[in-house]
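Geometric and topological summary
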Amino acid sequence: MNSSHTELLPADFAGNSRVWVYQSHRRFTPPEARQIEQLLKSFVLDWKSHGTPVKGWANLFYNQFIVLMADETASGVSGCSTDSSVHLIKQVEQLTSTRLFDRLNLAFLIDGEVNLVPMAQLPDALGNGLINEESLYFNNTAQTKVELETKWLIPMKDSWLADRYLQVTGK
């Protein structure tokens, strides 16, 4: 498990390259991960926008997150090309019986492992000390390569969760 995800990002992609992060409700098994990695590789090789190849990249992080990236300095990404990426993610869901569009599970990196906390249970997780304001949170709202590098894995106190949950619990 590589906690330094930035080392794996493509150096030749612009900082404003578009990013999509999909989080699974569970870790993928090793055979599933191999299958997903092959699907991702095939997808980015054939990814097109109105017939023009998209400068794309994809990777599986922590065996639980699929990250897609498109460098639009080479060619733009249209609705059709975005739709094709959503189709890919739905295909992964079907192949692995996972949920990749569920935004109600929050992911934290605790002792080098991804731990999911249902949003409704976040106050309890804070109250019992499972997580705290320094816990590393996967901010899957990152939209660019720069945001993925700097704002994807951040302390909870620096995320959108801080105002909503840290004030309530007094932490």
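What comes next is a walk through the structure. Computed from a predicted model, the values in this text were never measured in an experiment. (Residues numbered from 1 in each chain as written. Predicted model: local features only at pLDDT ≥ 70, side-chain atom pairs only at ≥ 80, totals over all residues. Heavy atoms only, no water.)

**Quick notes on the sheet that holds strand β4 (residues 55-61)**
Spatially, the 3 strands line up as an open sheet ordered β1-β5-β4, and their pairing is antiparallel. Since the sheet does not close on itself, it has two edges, and those belong to β1 (18-23) and β4, each with one partner. This sheet shows a mean twist of 15° between the axes of neighbouring strands, independent of strand direction. Judged from the 7 bridges that link them, β4 and strand β5 (residues 65-71) form a sheet pairing that is antiparallel. Considered in β5, the bridge of Phe61 is made with Phe65. This element, helix α1 (residues 30-46), spans β4 and β5 of the sheet and lies at about 170° to β4. Contacts between helix α2 (residues 79-96) and the sheet are confined to β1 and β5, with β5 contributing the most and set at about 165° to the helix. (Pairing = 2+ DSSP bridges. Helix = DSSP H or I, 4+ residues; strand = E, 2+ residues; numbered from the N terminus. Axes fitted to C-alpha atoms, helices over the stretch in contact; angles between N-to-C directions. Contact = heavy atoms within 4.5 Å.)

**A few points about the pairing of strand β7 (residues 113-118)**
Looking at chain direction, strand β6 (residues 105-110) and β7 are connected through 6 bridges and run antiparallel. Each residue of the ladder has a partner; that of Leu106, found in β7, is Val117.

**Quick word on the environment of Leu116**
Within the secondary structure, Leu116 is located in strand β7. Judged by its relative accessible area of 25%, Leu116 falls in the partly exposed class. In sequence terms Leu116 and Asn105 are 11 residues apart; their C-alpha atoms lie 5.9 Å from each other. Beyond its immediate stretch of four places on either side in the chain, Leu116 contacts Gln23, Ser24, His25, Arg26, Gln64, Asn105, Leu106 and Ala107. (Buried < 20%, exposed > 50% of the residue type's maximum accessible area, 1.4 Å probe, protein only.)

**Considering α2**
Taking 1.5 Å of rise per residue, the 18 residues of α2 would be expected to cover 26 Å, and the 26 Å separating its terminal C-alpha atoms lies within 8% of that figure. Every buried residue of α2 is listed here: Ser81, Thr82, Ser85, Leu88, Ile89, Val92, Glu93 and Thr96. Along the axis of α2, the buried positions cluster into a sector of 145°, meaning they face one direction only. Facing away from the buried side of α2 by over 90 degrees, the exposed positions are Cys80, Asp83, His87 and Gln94. In the core, the buried residues of α2 are packed alongside β1, α1, β2 (48-49) and β5. (Expected span 1.5 Å × (residues − 1). Arc of directions from axis to C-beta.)

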